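Here is what each chain is made of, one letter per residue.
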Amino acid sequence: MGQRAAKQQIQKGLKLYNNTQQEQAVRKWKGALSKVGDKRLKFVLLGHLAWAYGDWGDHREMLGYAIQQIDIANEVDEPELRAEAYLNLARANEKLCEYHKAMSYARHSMNNTASQEDPLVGPIHLCLGNANHGFGHFQQALDNLDKALKMAVKTGDRGLECNTYGDLAEVYMSLKDYDKALRYSVKASELVRCRGQEWSQKLRAVVQLNLATPYRKLGKMDLAMDYCEEAMKMALQLSDRTIQARCLCIFADIHRKRGDCERAYPRYESSLSIAVEVADRLGQLQVLSGMAKTLVMMRQFDKAVDVNKQALELATAMGNKMCMLRSHWLMHQLHRALGNPKASQDHASKFDRYLRDLALYCGVCHEVIGSRHDSLHVMSCCHIYHTRCSETSTFKARGCPNCKKMLTVPIFV
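In this numbering scheme, every chain counts its residues from 1 along its sequence in written order. Local features in this predicted model are restricted to residues of pLDDT 70 or higher, and side-chain atom pairs are both shown and tallied only at a pLDDT of 80 or more, whereas totals for entire chains, interfaces and linings draw on every residue. In computing side-chain values, all of the structure's heavy atoms are included and hydrogens and water are not.

## With respect to the overall build of the protein
So, point 1. Broken down by element type, the protein carries 20 helices and 2 strands.
So, point 2. Only C-alpha atoms enter the radius of gyration, while the globule expectation follows 2.2 Å times N to the 0.38, with N the number of residues. Taking 413 residues into account, the globule formula puts the C-alpha radius of gyration at 22 Å, and the protein, at 22 Å, falls close to it.
So, point 3. Considering only C-alpha atoms, the protein reaches an extent of 70 × 55 × 40 Å along its principal axes.
So, point 4. Burial status follows relative accessibility: with a 1.4 Å probe on protein chains alone, a residue under 20% of its type maximum counts as buried, one over 50% as exposed, and anything between as partly exposed. For the protein, the residues scored as buried account for 54% of the 413 residues in total.
So, point 5. Whether two residues are in contact is decided by their heavy atoms: any pair within 4.5 Å suffices. For the protein, the share of sequence-separated contacts (at least 6 apart) that also reach a separation of at least 24 residues comes to 55%.
So, point 6. Exposure was quantified through the Shrake-Rupley algorithm and a 1.4 Å probe, taking into account, for residues, occlusion by the shown protein chains and nothing else. Total accessible area on the protein is roughly 19,100 Å²; 49% of this is exposed by carbon and sulfur atoms.
So, point 7. One way to put it: in the protein the 58 positive side-chain charges average out to a point 2 Å from where the 45 negative ones average out. We count a stretch as a helix when DSSP gives it H or I for four or more residues in a row; a strand needs E for two or more, and each element gets its number in order from the N terminus. The charged-residue count follows a simple rule in which Lys and Arg add positive charge and Asp and Glu add negative charge, with His and chain termini not counted at all. Taken as the charge location is NZ of Lys, CZ of Arg, CG of Asp or CD of Glu.

## Some details on empty space enclosed by the protein
So, point 1. Using a grid of 1 Å spacing that covers the protein atoms alone, one calls a set of points a cavity when a 1.4 Å probe fits there but cannot get out, and a pocket when the set is open and has protein on both sides within 12 Å along at least five of seven lines; lining residues are those with an atom within 4 Å of a point. Grid points are joined across faces, edges and corners, and a volume is the space filled by probe spheres set on the points. If you walk through the whole model with that rule in mind, you get 1 cavity of 30 Å³ or more.
So, point 2. In this structure, the largest cavity spans a volume of roughly 30 Å³.
So, point 3. In this structure, the largest cavity is lined by Ala169, Glu170, Met173, Ser185, Asn210, Thr213 and Pro214.
So, point 4. At the level of elements, α9 (158–174) and α11 (201–217) are the ones that each hand at least two residues to the lining of the largest cavity.
So, point 5. Side-chain classes are defined by residue name, with Ala, Val, Leu, Ile, Met, Phe, Trp, Tyr, Cys and Pro counting as nonpolar, Asp, Glu, Lys and Arg as charged, and the others, Gly among them, as polar. Of the residues belonging to the lining of the largest cavity, the class tally is 3 nonpolar, 3 polar and 1 charged.

## Let's talk about the side chain of Gln208
So, point 1. As for its position among the elements, Gln208 is in helix α11.
So, point 2. Residue Gln208 is classed as buried on the basis of its relative accessible area, which comes to 16%.
So, point 3. In this structure Gln208 touches Tyr227, Glu230, Ala231 and Met234, once residues within four positions along its chain are discounted.

And the structure:
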């Protein structure tokens, strides 16, 4: 296939993709892929296919196309192509919860960018932020997401801005500042609403899903259900199994919070089945946690131990210290209820160890951050404090207690 014909196929595929005819677009790109001789055009086709499968939640397939991209980038020896290929590798691995690989590839991508003004710098920081969040490195996660958001605003990249708001909401959800999580979810929703159908349906579905979680945590179950149902409709239209699994998990969470364990548990099981199918390990972790809590409510403590053990093993394999911490705390409570004091104490000790590793203490009041729903304040150095502690006159006079600097201005986010 000649260059002109190949470019026409690429453009036809893009037109189909933007008109929500993703399957037809992918077929067109795949048809052109085997016929294209020009390496750079093949690289572009592979990039479109990687992005499409990433949109569908099939990150293993996305990874395969990104690997082919890096091979071409190394053959032609162009840093610009390497930067893009490494970023796709980082994105795929981050979604597969391979956080060490994601961070390594993201750094390789950064090293191959032309400058700090390169359009890829913002998405690289976004990927690094998500990987750090996966490890429970909240200070680093907020620092990277702050940089991603600044770059999005500077370049006018509304897609990056919207995604960053969503990921900031996820970080604050982990830290149990649900009001701030909702604020960022609403910011993303406002961006989508202002620009209407210009956004991809995948992004619109994610935004709806991101609104459901903080509303559920804040006790607004009807609103949470409405947003989740809207996200599920879009996910079914897109055949996005990952979002479908997340929606089912939230439905189950809502039923559990309402005390309807009989309706909650089957939805958790359905969600888990899909999450395993699509290799969504973070989704599996969230489902297993909900299942264990439901079993506790049903007073099936032995079964809850087995389910929570699976969650703990998965969190350990992923290196997700926050989930490990929470699993150990639940294990401590379960073994205490079952009359196993030695096992209970062992898990309590491990809980304390991970708490120290995560350094989730307010440097003013020394209480644990994330132990309850609370408003948080992030300094420009990215150290985190309770808002109530940061508003004292002593704090304002002395600055950040952790780094001993006069940093009284919050970061961009």
